[in-house]
Structures are given as C-alpha cells and as structure tokens.
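Now for the letters of each chain:
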Amino acid sequence: MIDVARQTWRLLEPYHGMIYFAPEATAAYGELGLRGRAGYFASRSAALGVVPAPVVVATFYNFNPVLVAESLDGVWSVTDPAAVLAARYAAADQALRGTLGDAITSPELRRAATLLRAAAEAVAGDVAGRPLFAAHTALPWPTEPHLVLWHAQTLLREYRGDAHVAALSTAGLSGIEALVTHAASGAVPAETLRTSRAWTEADWSAAVSGLRARGWLIEDADLTFTPDGAARRAEIEKATDERSVRPYAHIGESACVELQALVRPFSRALTEKLMPWALSRQ
C-alpha cells in the first residue's frame, strides 16, 4: 500500500503545485501589494494566521531564514490572511479553468474530487506534529469539484510535508543539509535547490563539508552518498512514507489506482502548461 500511496500523491502533486507557478497567482498577490517571494510565503502560510516569521521558518524548514523574514517583512501591514487565502483560491480557480477547460465539470474530475476528499477527511484529526496540515484543516471546503480536488491535495501535500520535516529533523539534518541530501539523491539539481531556497554558495559548501565530516557524503567533487548516508536517506523516505500512508489506505488500493487514472490527464495538462521543466523529471 505504501508504494501505491506514494504514487498517488506524486501523480496528484502537479494539481496542487501549479499554484506556485501560475501567473494568475502572481497577479492576484500583486493586487494585494505583495511582490517577489512575498506571495509564496504569505499564501502558503496564511492558514496559520498572522504569525512571526520564525514560525514560518520552522514550518517551511529548508528555506534560508533570511529569505523568509525579508519576504514576510511588512506583509501583514498591507493585507491580511483572509484576503491572501481568498486570492489564492481565486487564482487556483482561474488557473484550473484556463488549463483544463470543460474538463472541470467532467464526471472524471467529480469522481476524483470525491475520492481524494474522502482520503483527506479520514485524517482530519491527525494533526499532532503537523502544523501546516493542521492549519489548513481549519479552512472551509470549496464547493466546486475542481477546487475540492485542489483543496484535498493541498491538505495531503502538507500532511506529507509535515511528516517529511519530522523525519529530516529526527535524522539530525538542518534545512540546508536536507537540501544537500536531496540533491545527492539525484532527484533535483543541486543548484536549483540552492538558489530556489536562497542559500549562498558559502552556506552550501559549509553544509556539504559538514555532511562529509559526519559520514553522509564521500570526499569527492560530486555529491555522492556513502553507504551509510544512502541508508540514512532511505530511512528518511521510509519514515515519510509510513507516516503519510493513512489517508490512501482509508480509501483503499483500488480507489487509489482509479484516482491515478482519473487525474493523470489533468496533472499532465497542468505540468505541460505551467511546469514544463518538470517533465524531464518524470
């Protein structure tokens, strides 16, 4: 069941993740006075309410705290969480309509929304140690199926994300060290991870050196795990999977397989339009 759960989450991820690349979102946040990365940090953390930047640093984990603090500086003096959340959902609505067209009213999308909502609601009370997930469970459910599906995947994304942060922290990795090990796994280029999270080259080099000294990485020019480092990273992924399987187990393996088939064309269309660079990783 764990493999099926991971595959289901991964296949649905573009349906949620498109909001971070949709021009509709950038425009909506801009209308509220948010510029640059402020829209990302404010919109994803708005469910927490008005909280100090260190709370967002803690929950977002692998971003440079300086970037988080600078991006959120003054945000809640020009707008408020309710307005940002409304803008986020309006942008998701526009982006999904613009990409999927008439498919948003199809029986396939309605069925997918029903299945994923059942999965998300099954773990609505499982909030201990999951701050971002807990905050989003307090938000009202949308009524239209295409937004129900988006909200459900948002919930399950944060459910898994909180579990992953817990596993990384338990393994003794800082945020930047987590990124270095992610790069060493080959999933995403190191430079993409470093720059997207605003870490300096000096910060990155220090993290790499520290992981080599602790036996995670071998001493070479590339990011290569030692056998122990590879095993420890695998344990992190295993722990994340185990703490994220429950919603998918609730609806069952056959429903997950059905859900994958239903959402595959939607996720593909969103990826092709808004995240074409991700196609090379699939």
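Residues numbered from 1 in each chain as written. Predicted model: local features only at pLDDT ≥ 70, side-chain atom pairs only at ≥ 80, totals over all residues. Heavy atoms only, no water.

Caption draft 1: Representation of the nonpolar core in the model. Counting residues in each nonpolar core, the largest one holds 68 residues, and the members touching the most others are Y15, M18, F41 and L149. Examining the composition of this core, we find that nine residues originate from one element, helix α7 (residues 81-100), more than from any other. If near-sequence neighbours (up to four positions away) are discounted, Y15 is found in contact with L96, L100, L109, H146, L149, W150, F266, S267 and L270. In this structure, I176, L179, V180 and L193 belong to the second largest nonpolar core, which totals 21 residues. (Core = buried A, V, L, I, M, F, W, Y, C linked by side-chain atoms within 4.5 Å. Buried < 20%, exposed > 50% of the residue type's maximum accessible area, 1.4 Å probe, protein only. Helix = DSSP H or I, 4+ residues; strand = E, 2+ residues; numbered from the N terminus. Contact = heavy atoms within 4.5 Å.)

Caption draft 2: Structural detail: the packing of helix α8 (residues 107-122) against helix α10 (residues 145-170). In the contact formed by α8 and α10, the axes pass within 8 Å of each other and the chain directions differ by 35°. By crossing handedness, the relation of α8 to α10 is classed as left-handed. Contact residues: α8 offers L109, R110, A112, A113, L116, R117, A119 and A120, while α10 offers P145, H146, V148, L149, A152, Q153, L155 and L156. (Axes fitted to C-alpha atoms, helices over the stretch in contact; angles between N-to-C directions. Left-handed = near helix turned anticlockwise from the far one by under 90°.)

Caption draft 3: Structural detail: the packing of helix α3 (residues 38-45) against α7. In contact at an axis separation of 9 Å, α3 and α7 are set at 100° when each is read in the N-to-C sense. When the interaxial angle is binned, α3 and α7 end up roughly perpendicular. In this structure, α3 uses A42, S43 and R44 to contact α7, whose residues at the interface are V84, L85 and R88. Of the residues belonging to the contact of α3 with α7, the class tally is three nonpolar, one polar and two charged. (Parallel < 35°, antiparallel > 145°, perpendicular 65-115°, else oblique. Nonpolar A, V, L, I, M, F, W, Y, C, P; charged D, E, K, R; others polar.)

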